Amino acid sequence: MRVLFLSPRQCWPPQSGAKLREYYLLRALALECDVEYAYFSEANASAVSPEDLSFPVSVHAVPKPPMYRPTQLLQGLLGPWPLPVVNYTAPAMQETVRRIASGKQFDVIHLDSIHMVRYGAMLQVAGSNAFIVYDWHNIESEAMQRYGETVDSLPHRTYAALTARKLACLERRILRESAGHVVCSSREREQLLDIVPSARVATIENGVDCAYFARPKDSAASSSASPHFIYVGSMDYFPNIDAVTHFAQHVWPAVRKQTPDAKLSIVGARPVPAVQALSEIPGITVTGTVPDVRPYYHDATASIVPLRTGGGTRLKILESMAAGVPVVSSTLGAEGLDVLPEADILIAEPDDATRWATLLAELATSPPRREALASNALRLVRERYDWPILGQKLVRLYREWLQKPSR
């Protein structure tokens, strides 16, 4: 099977949710298929090589174009394409895709999110007979709508409403026209089928490398003298910024009142000033980039995911579970995961400070409760969410679709 894998991001090093999903699915395809991988490279980052990835793949790096320039903003507001697509439209990528496609016939063109839609359209116009498949990291119109409901700025809310409508129109179109779609959860699959019942949509969940995050055999759970909670995520990503700032300002005081010696580590790259400022709150540490997140998981009493906006499924929850750490999450944070509240995970809504304080105090004082939650969750991720299992599922899916081209 010959696959052209087009991505708006650089998957190596895999240090965010989107990069992790891309890296492990790309690896699964490359181990069994002939794969060409073209992506937008990041400024000041080394180009990805096959040696970095440690699996056989032909790599084509294209410099990521500047974004949110006045001309792009104008096109996104007044033109037919939404701004998230305009931002990733670049002549250099068009030329790279054209050159790759002219030298090889592909069976599948894997577009890693709707941001790359114009390259799929370009190949269709050029007469490519390959299956064009979208990997939906999120339902982008839904994520944009949620963003608009969270921000206070009127210009940002207006932009979000307009862009969400444009994204929804584009999503409806590609659901009708493309050969297939891969989503992260059954909830998203049902939502897309409600829009276009004839679309071919399959679920390939987000996953975790269980072996990588496994707790060392000689490591006891939560070795900290004081209760230690963690939040993990890229700290320049709006849903993470919103989650930690709201939690620190509106929930953390109640947690500290009930558990005075509690500590919170906010672990993630590129913390914006609003996140950095949280280190001034007693008990909170903002780490910035860390060389290895696993020691933070293995030292934690619990992992918190108090998300109020965003989409997709959260790899931070799966990582916590694979590391043997109990998770307390908002309903939205755990959205799309096949978890059982009170058995695999604890749920508290972002504005319910009393419940957060109660649950975290319970975990801080009850080792049996921590161990039961962690054990159930670890069993779940090993059976259902390990990346090798999900990668094989994707390869089988593409082969089945090629054998049955009609929906």
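Refer to the structure above for everything that follows.
Residues numbered from 1 in each chain as written. Predicted model: local features only at pLDDT ≥ 70, side-chain atom pairs only at ≥ 80, totals over all residues. Heavy atoms only, no water.

Draft legend 1. Region of interest: the side chain of Asn 87. Looking at the secondary structure, you find Asn 87 in the loop between α4 (83-86) and α5 (91-103). Using a relative accessible area of 2% as the deciding quantity, one classes Asn 87 as buried. Not counting residues up to four positions away in its chain, the partners in contact with Asn 87 are Pro 65, Met 67, Tyr 68 and Gln 72. (Helix = DSSP H or I, 4+ residues; strand = E, 2+ residues; numbered from the N terminus. Buried < 20%, exposed > 50% of the residue type's maximum accessible area, 1.4 Å probe, protein only. Contact = heavy atoms within 4.5 Å.)

Draft legend 2. Up close: helix α9 (residues 186-195). Among all positions of α9, only Glu 188, Leu 192 and Leu 193 are buried. Burial along α9 is one-sided: seen end-on, the buried residues are contained in an arc of 135 degrees. (Arc of directions from axis to C-beta.)

Draft legend 3. Quick look at the packing of helix α15 (residues 353-365) against helix α16 (residues 367-384). Look at α15 against α16: their axes get within 5 Å of each other, and the N-to-C directions meet at 100 degrees. The angle between α15 and α16 falls in the class roughly perpendicular. The residues of α16 that touch α15, namely those facing Glu 362, Leu 363, Ala 364 and Thr 365, are Pro 367, Arg 369, Arg 370 and Leu 373. Here the contact of α15 with α16 is built from residues that sort into 4 nonpolar, 1 polar and 3 charged. (Axes fitted to C-alpha atoms, helices over the stretch in contact; angles between N-to-C directions. Parallel < 35°, antiparallel > 145°, perpendicular 65-115°, else oblique. Nonpolar A, V, L, I, M, F, W, Y, C, P; charged D, E, K, R; others polar.)

Draft legend 4. The arrangement of the nonpolar core in detail. Ranked by size, the top nonpolar core spans 60 residues in total, and within it Phe 229, Phe 247, Val 255, Ile 266, Leu 360 and Val 381 carry the most contacts. Sort the elements by how many residues they give to this core and helix α11 (residues 238-258) lands first, with 8 residues. If we ignore the near neighbours within four places in the chain, the residues touching Ile 266 are Tyr 231, Met 235, Val 244, Val 275, Leu 278, Ile 284, Thr 285, Val 286, Thr 287 and Gly 288. Counting residues in each nonpolar core, the second largest holds 44 residues, with Phe 40, Ile 139, Leu 170 and Ile 174 among its members. (Core = buried A, V, L, I, M, F, W, Y, C linked by side-chain atoms within 4.5 Å.)

Draft legend 5. Looking closely at the pairing of strand β8 (residues 228-232). By the criterion of burial, β8 is predominantly enclosed, with 5 of the 5 residues buried. Neither face of β8 is left uncovered, since the one carrying His 228, Ile 230 and Val 232 and the one carrying Phe 229 and Tyr 231 both have all their residues buried. With 5 bridges connecting them, β8 and strand β9 (residues 263-267) associate as parallel partners. Directly across from Ile 230, in β9, lies its bridge partner Ser 265. Assessed by its sense of winding, the connection that carries the chain from β8 through α11 to β9 is right-handed. Taken together, the 2 bridges between β8 and strand β11 (residues 302-305) define a ladder with parallel strand orientation. In the sheet register, Ile 230 faces β11, and the bridge partner there is Ser 303. (Pairing = 2+ DSSP bridges. Right-handed = clockwise from strand over helix to strand, strands pointing away.)

Draft legend 6. How the structure looks around the sheet that holds β9. Across the sheet, which stays open at both edges, the 6 strands sit in the order β10-β9-β8-β11-β12-β13 with parallel pairing between neighbours. Strands with a single pairing partner mark the edges of an open sheet, and in this sheet they are β10 (284-288) and β13 (346-347). Set on the sheet, helix α14 (residues 315-322) makes contact with β8, β11 and β12 (327-329); between it and β12 the angle comes to about 160 degrees.

Draft legend 7. Representation of the packing of aromatic side chains within the structure. Counted according to the given criterion, the structure contains 13 aromatic pairs. Relative to Trp 252, the ring of Phe 247 has its centre 6.4 Å away and its plane inclined at 45 degrees; by these criteria the two rings are tilted. Relative accessible area serves as the criterion here: at 1%, Trp 252 is assigned to the buried category. Each ring, one from Phe 247 and one from Trp 356, has its centre 5.3 Å from the other, and the planes form 80 degrees; the classification is edge-to-face. Taken as a pair, Phe 247 in helix α11 and Trp 356 in helix α15 lie far apart in primary sequence, 109 residues in all. There is no split in this pair, since Phe 247 and Trp 356 are both buried. Members of the aromatic cluster, connected to one another through ring pairs, are Trp 12, Tyr 23, Tyr 24, Phe 55 and Trp 387. (Phe/Tyr/Trp six-rings, centres within 6.5 Å; stacked < 30°, edge-to-face > 60°.)

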